[in-house]
Amino acid sequence: MSSPRSPPAGPDSSWDWMLPGPPSRNNGGSADISTTGLLAYGAGSSISIVDSRSMQLVTVIPMPPPISSTYAALPSAAAASSLSPFVTSVRWAPNSLLRQNDLLSTDPSSSHLILAAGDRQGRLCLIDLRSHSPFLWFDSDSLKLGIQDICWIQTRVDNWILAAINGPSLLSLYSTATGRCFFKYDAGSEFLSCTSRDPFDSRHFCVLGLRGLLLSVKALGETEEDVVLQELHVRTDAAELAKLERDLGGASITSPASAVFPTYSAKCSFSSQWRHILFVSFPRELVVFDLQYEAALYAAGLQRGGRFLDVFPDPNSELLYCAHVDGKLSTWRRKEGEQSYLMCTMQELMPAIGSSVPSPAILAAVICQSDCALQNVGKIYADVPHTPFTEEDYDNPFDFFDESLPISRTHLISVSDDGKVWNWLLAAEEPEDTSKDPLNLIVPADASEVPVVYKNTRDAALDGPMVPVPQVLEKGRTRSTYSSTNQGDISFKMTLIGQLQLISSTVTTLTVPSPSLTATLARGGNHPAAAVPLVALGTQSGTIEIVDVSANAVAACFSVHGGSVRGLRWLGNSRLVSFSYDQVNEKSGGYINKLAVTCVRSGLNRVFRVLQKPERAPIRALRASSSGRYLLILFRDAPVEVWAMTKNPIMLRSLALPFTVLEWTLPTVPRPTAPTRQSSISLKDRIVGVSADSSAPANSSSQESKTGSSEGSRDETAESFAFALVNGALGVFEVQGRRIRDFRPKWPSSSFVSSDGLITAMAYRLPHVVMGDRSGNIRWWDVTSGHSSSFNTHREGIRRIKFSPVVAGDRSRGRVAVLFYDNTFSVYDLDSSDPLGNSLLQPKFLGTLVLELDWLPLRTNKDDPLVMCIAGADSSCRLVEVNINDRRVAYGPQTGPIKDRFRPMPLCAPILLPTAHALALRMILQLGVKPSWFNTSGTTINKRPHHIPGTASSSEDLRSYMIDDPHFGDAAVPEMLLKVLELYRQEGCILDDERARLYGKIVNKGSAVRFAFAATVFGESSEALFWLQLPRALNHLIHKSVNKSQQGSAPASVAQLDDAATLTRITSGGKSTSGSGKTEALGYGQLRLMAFEQEELWETASERIRWHEKLEGEDAIQNHVHDLVSVGNLEAAVSLLLSTPPESSYFYANALRSVALSSAVSKSLLELAVKVVAANMVRTDKSLSGTHLLCAVGRYQEACSQLQDAGCWTDAATLAATHLKGSDYARVLQRWADHVLHNEHNIWRALILYTAAGALQEALAALRMARQPDTAAMFIIACREINADISNMEDAADEPPSGSSVKGAVLGLPGLNPENEEVIVVGELYGQYQRRLVHLCMDSQPFPE
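Engineer: Would you explain the overall build of the protein in this entry?
Structural biologist: Secondary structure assignment for the protein yields 27 helices and 60 strands. A separation threshold of at least 6 residues defines the contact pool for the protein, and within that pool the share at least 24 residues apart is 62%. Looking at the protein as shown, the accessible area adds up to about 51,000 Å², and 51% of this sits on carbon and sulfur atoms.

Engineer: For this particular structure, what's the right way to read the packing of helix α15 (residues 1114–1126) against helix α19 (residues 1185–1192)?
Structural biologist: Any two packed helices are characterised by the angle at which their axes cross and by the distance between the axes. Across the interface, α15 lies against α19 with an axial gap of 10 Å and an inter-helix angle of 30°. Here α15 is positioned roughly parallel relative to α19, judged by the angle of their axes. Both α15 and α19 take part in a crossing whose hand is left-handed. Contact residues: V1121, H1122 and V1125 in α15; T1187, H1188 and C1191 in α19.

Engineer: Quick question: what am I supposed to make of the packing of aromatic side chains here?
Structural biologist: Each aromatic ring pair is summarised here by two numbers: the centre-to-centre distance and the angle between the ring planes. Scanning the entire structure with this criterion turns up 24 aromatic pairs. Their ring planes at 65° and their centres at 6.0 Å tell us that W780 and F791 sit as a pair that is edge-to-face. In this pair, W780 is assigned in strand β51 (residues 777–782) and F791 in strand β52 (residues 788–792), connecting sequence segments 11 residues apart. Overall, W780 belongs to the buried group, its relative accessible area being 13%. For F791, a relative accessible area of 13% translates into the label buried. An aromatic cluster is defined as three or more aromatic residues linked by ring pairs; in this entry it consists of Y630, F659, W664, F721, F723 and F733. The ring of F820 carries the charged tip of R795 above its face, separated from the ring centre by 5.3 Å.

Engineer: Just to check I follow, could you spell out the pairing of strand β45 (residues 659–664) for this structure?
Structural biologist: Looking down a regular strand, the side chains alternate between one sheet face and the other. A large share of β45 lies buried, amounting to 6 of its 6 residues. The pairing of β45 with strand β46 (residues 718–725) spans 5 bridges and is classified as antiparallel. Counted as the bridge partner of F659 is L725 from β46.

Engineer: Hey, could you run me through the environment of D782 in this one?
Structural biologist: Assignment of secondary structure puts D782 in strand β51. Taking relative accessible area as the criterion, D782 reaches 15% and is therefore assigned buried. Considered as a pair, D782 and R765 are 17 residues apart in the sequence and their alpha carbons are 9.7 Å apart. If sequence neighbours within four positions are ignored, D782 has contacts with K746, P767, H768 and H787.

Engineer: Just to check I follow, could you spell out the sheet that holds strand β36 (residues 553–559) for this structure?
Structural biologist: The strands that make up a sheet pair up through hydrogen bonds in the backbone, lying either parallel or antiparallel. Across the sheet, which stays open at both edges, the 4 strands sit in the order β33-β34-β35-β36 with antiparallel pairing between neighbours. Across the chains shown, the open sheet's two edge strands, defined by having one partner strand only, are β33 (507–511) and β36. Adjacent strand axes in the sheet meet at a mean angle of 25°, parallel and antiparallel pairs treated alike. Note that strand β35 (residues 543–548) and β36 share 6 bridges and pair antiparallel. When the sheet's bridge partners are listed, T543 is paired in β36 with S559.

Engineer: Explain the sheet that holds strand β41 (residues 619–624) to me, please; I cannot follow it from the model alone.
Structural biologist: With antiparallel pairing, the 4 strands of this open sheet are ordered in space as β41-β42-β43-β44. The sheet is open, and its two borders are formed by β41 and β44 (650–655), each paired with just one other strand. On average, adjacent strands in this sheet sit at an angle of 20° to one another, irrespective of strand direction. Bridge count for β41 against strand β42 (residues 630–635) is 5 bridges, and the pairing is antiparallel. Counted as the bridge partner of A621 is L634 from β42.

Engineer: Would you mind going over unusual backbone geometry with me for this structure?
Structural biologist: Note: most residues except glycine have negative phi, and most peptide bonds are trans. Positive phi outside glycine occurs at H276, with the angle close to 75°. A positive phi angle is found at H1241, which is not glycine, with a value near 60°. Note on placement: H1241 falls in the loop between α22 (1222–1238) and α23 (1243–1253). Judged by relative accessible area, H1241 falls into the buried class, the value being 12%.

Engineer: Before we go on, may I ask you to explain helix α9 (residues 993–1002) in this structure?
Structural biologist: Within an α-helix, residues lying three or four positions from one another point in the same direction, as the helix has 3.6 residues per turn. Burial analysis of α9 places 8 of its 10 residues in the buried class, which makes it a mostly covered element. Three or more residues of α9 are buried, namely D993, E994, R995, A996, R997, L998, Y999 and I1002. For α9, the side-chain oxygen to backbone nitrogen distance between the N-cap and E994 is 3.3 Å, and the N-cap itself is D992.

Engineer: Whenever I open this one, the side chain of H411 confuses me. Can you help?
Structural biologist: Note on placement: H411 falls in strand β27 (residues 404–416). A polar side-chain atom of H411 sits 3.4 Å from a polar atom in the side chain of N423.

Engineer: I tried to follow the pairing of strand β9 (residues 133–137) on my own but got confused; where do I start?
Structural biologist: Among the 5 residues of β9, 4 are classified as buried, and the element is accordingly described as predominantly covered. Bridge count between strand β8 (residues 124–128) and β9: 4 bridges; the pairing is antiparallel. Among the inter-strand pairings, D128 is bridged to a residue of β9, identified as S133. Adjacent in sequence and paired antiparallel, β8 and β9 are bridged by 4 residues, among which H132 carries a positive phi angle near 60°.

Engineer: For this particular structure, what's the right way to read the nonpolar core?
Structural biologist: In globular proteins that are soluble, nonpolar side chains generally tend to be buried together. Grouped together as the largest cluster of nonpolar side chains are 140 residues, with contacts concentrated most on I47 and F1275. When residues of this core are assigned to their parent elements, the largest contribution, 10 residues, is made by helix α25 (residues 1269–1292). When residues no more than four places from it in sequence are discounted, the contact partners of F1275 are F1026, W1027, L1030, T1251, L1256, A1259, L1260 and L1263. Counting 35 residues, the second-largest nonpolar core is a separate cluster that includes A43, V415, I503 and L856.

Calculation rules
- Residues numbered from 1 in each chain as written.
- Predicted model: local features only at pLDDT ≥ 70, side-chain atom pairs only at ≥ 80, totals over all residues.
- Heavy atoms only, no water.
- Helix = DSSP H or I, 4+ residues; strand = E, 2+ residues; numbered from the N terminus.
- Contact = heavy atoms within 4.5 Å.
- Areas by Shrake-Rupley, 256 points an atom, 1.4 Å probe, with all protein chains shown as cover.
- Axes fitted to C-alpha atoms, helices over the stretch in contact; angles between N-to-C directions.
- Parallel < 35°, antiparallel > 145°, perpendicular 65-115°, else oblique.
- Left-handed = near helix turned anticlockwise from the far one by under 90°.
- Phe/Tyr/Trp six-rings, centres within 6.5 Å; stacked < 30°, edge-to-face > 60°.
- Buried < 20%, exposed > 50% of the residue type's maximum accessible area, 1.4 Å probe, protein only.
- Lys NZ or Arg CZ within 6 Å of the ring centre and 35° of its normal.
- Pairing = 2+ DSSP bridges.
- Polar contact = N/O pair within 3.5 Å; in protein donor to acceptor, adjacent residues only side chain to side chain.
- Core = buried A, V, L, I, M, F, W, Y, C linked by side-chain atoms within 4.5 Å.

Given below as structure tokens:
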């Protein structure tokens, strides 16, 4: 049992540079995207973080390995057993930046960037993105049940717990404060597959099993008694699952479902628009399930042998997207009046062009919520088109203003097993001059083949017939707000707008360019080639990945071989040579060797050494000289070939010696002063320890050398390579032009030759030759002086030795990295008196074994640290910094030569800024900054085509960029915050082009929309919905809740038309636009979460009634009667009650209710009697029949109270919306707001209800209790501004409403007057908050990367 712990402090706790390997099905499709657009997905044993807007890799977090008790005693065995397991689940914490706003009492932290992660061994932890390391480990089961899925659940306003599926059938709930597990539920033989949290109630979540078991769980606290669990069942055909289980042979299963059945998955997702609606996908079925009725409303089978992978409801429209196992994406539209769907399109998520064969598999897909939230900001305003990208820019791939207008635009991010992350734009469009209603992107119920867009039969704003109202868009385009449109006029498009390429396959080899001063460019000439920050990786799929370490990105990918790349070497700094081989058949044993030269600049591949017949031996290795002129090709049990790598490679010699290793000299140190000349004696006499039986091949090689030397060469520059033979003999050859000759070194004593171990690794840099053998011995020899030495590493055999690069002034030139056969490595300083004592053995490398390593030759100063590039066995590529002082070798994260990361485009992710700077930017966006502030004279911004109006001048006063003087707080604070953000502005990493253009459109539309925009940028989607609904809530308060005396003075349709027009003028910045009513404004997806008006609640309930008409069963009938009574349809309720058969257990209760409801006239005595009966029935009857009796006698207020007491808050609001008005309706809303705030812990939804109910002081109190002084100040500013706009509209009206009550309500809001004590306190706290924020900004360092 592991306990919560912090990781040990050390240099390995984080890594600044790492490229992950490709994800696989072993990762269980683990992927999640935050509300700020940060994608996290599992790739091997690491977690990759990607910015979904710019499609750039932000960072990679490797999971630490499990702690082994025997690790210290047995390092090798522990290293093998302490590999990090696969990451199988990741979830972003819903903690927001607002939790850091309590600057008055505490310092800000980075707790809003928290990620929960689980792995295949059942470990569960919380990771801080800033520190790149876990800070809390949860209790794990000793059985090591792997994590299938995890989900965040809110139990209090300031506390979240974690729900996890362990193993095949165990549901566990964990406390995030202590890390302990306080609740467990075992589903028995069911395989639990996924979890999903309810967007309407964050305490509630569902768990789905492969056989259809559905657990509805509500967590009210952190004890077992606080968990309410209900078992439901979704019907599905589990025959295929039963067959898969039989194939397992009845073995005991402890692994999670994704490991046992990797291609058989069941997923569920809540609707963000309809409460209690859950979308469920099984491999061949799609089900719409109603949790309130506990019944399936719709089920559809998948034909043609396909399989569902996941299901995604569109947040802003009535569309449903389904990802398929075979890489397809289907789009479904809802039919009119029911919760059933019709498939519209089937498209490919994996393009056929450019993909390998077989096509890569799609492992996971997610919907980007941040772009959907931006669309909500744009859609509310009449003159902003329905897209977050508001200007036509044909050079910008995000703008698609062609001949069609968008109905819905959604970004979908998919992850494939070839290391690619895809950004798809899913658009539903219709031609010009046709209408669309994004709220109701619905298919008529009677549609079979050609659905049409649903035409509303009731306008929530007008309560009358719907008429198409044209709206003028930019460039003279028009569209109608409401009318029907044929399905044939609507097109569904899927466009690839971004892609991130990472390592595409399992890494097999790594090579780093180390060009000498004599290296030439790829196209010839003798110009020196500079060292480049590139690393080449060979993969199992036959591709060569070029990694730019300065950008931490894959710069290019070349498909060179049909099989695994088995060897790879740089030729200078612009060409690569690689090889692969295939065995013809096992009987003959022949091999087909393939050698290719790849030009990194052009991407062209040139195959050389092409033979017509298979060869007896495969290629074993390649060795390229530092200049790239020469290449050694080593074969298995065959002679070594020497090639001149000209434009058309030429073979110079074939050396028939039993070589074990060969290495060219490195170019770092000048050649020794000892004379080197062509020897006239035989080569065998220049090879230490060669016996007489090797004279024949030696003489043959000598004769070939003489032949080669007679051919001559125009190139006078020579390069040498050292080698070792099978019997331990050593030698050095020199290649000059086309001649190969003996290099004359100073030989060591004969005792230097190894007699107990075969030499397996070698490194050569004049004047040192370093060798390692299979017994773990390291020997080095100075070829100029003949001095030699050796020591034993007490390790297994040595596989690779690499000299570290040196620069002028280095104290030591004998530092080497040694890679052992057990995939561990160490660094030694051979110039020290005790190399073994001064080394630090690295038995593991953060949970993975080391496949290959090499040094990056990018040092320019002796004070620069050494940086090693490592290819892990998990196919990752990492940099590790090695600091060597006089006493010890130390490993740490790479922070030196690649400190300033190059990015091809700015990383515009404000959430990644230091917390104080992020809060400063949030405040600037809220207060309002001119669009010209996003322009700059810096080179980065000048290249960005966002075309925001205005120009920036560095000489201007920064205060001139603010659009207005702040109404609250210190007037000098905005200027200081602008100075803090100036560096980010110059670098172009404030906002990307599209968001900057949208901000330029809405900045003058009022405070509320600016606040919504700022909330959206920082991932506060609920807060953004609150600000978008605030003008409508105040309008409702002033014209409906307050003005009770006006109810009968004018027709309802006229009054509501005036309200709609007033609201439209407010939200459009004073410009009146007819037809932009409340139904359209509210209808954009997630805005349903903030519904409060009577028409909205009534229409939602009426819509739901039609879904349940065909359901059978007594419980379904009782629920249906309750819905009918709630919306006031008593005739239908009586008809349904009278249809109850006499043998039913509900017969007498239904008969009593039918008589009461059918009473046309109510008397006081009847009221009293019914009231008593109703009270008794509520206590004993779950069907809430008593409320129906109260409705029959007109006691709607008491009926609403009883419904709220029973926990039916939505039903109570629906009943109140049908029958109550004015202060009676406001009381229902206020009590609902109290419940939402204190029980559901949704402060933003509570605030909108408080506002609509007129309880503004309660709204301010809620914000103060949440310790958000800045939001409280913004709330006052927005309310005053909206109130002033309504007042101006009333003054400008030709015929103002009769009476003075509305006028008085418009002139002042209760509780928000400037002289109010609460308002004064809010202003003082906001000033303190601003000053505290300025001090923190001055103390924070920019650019946390």
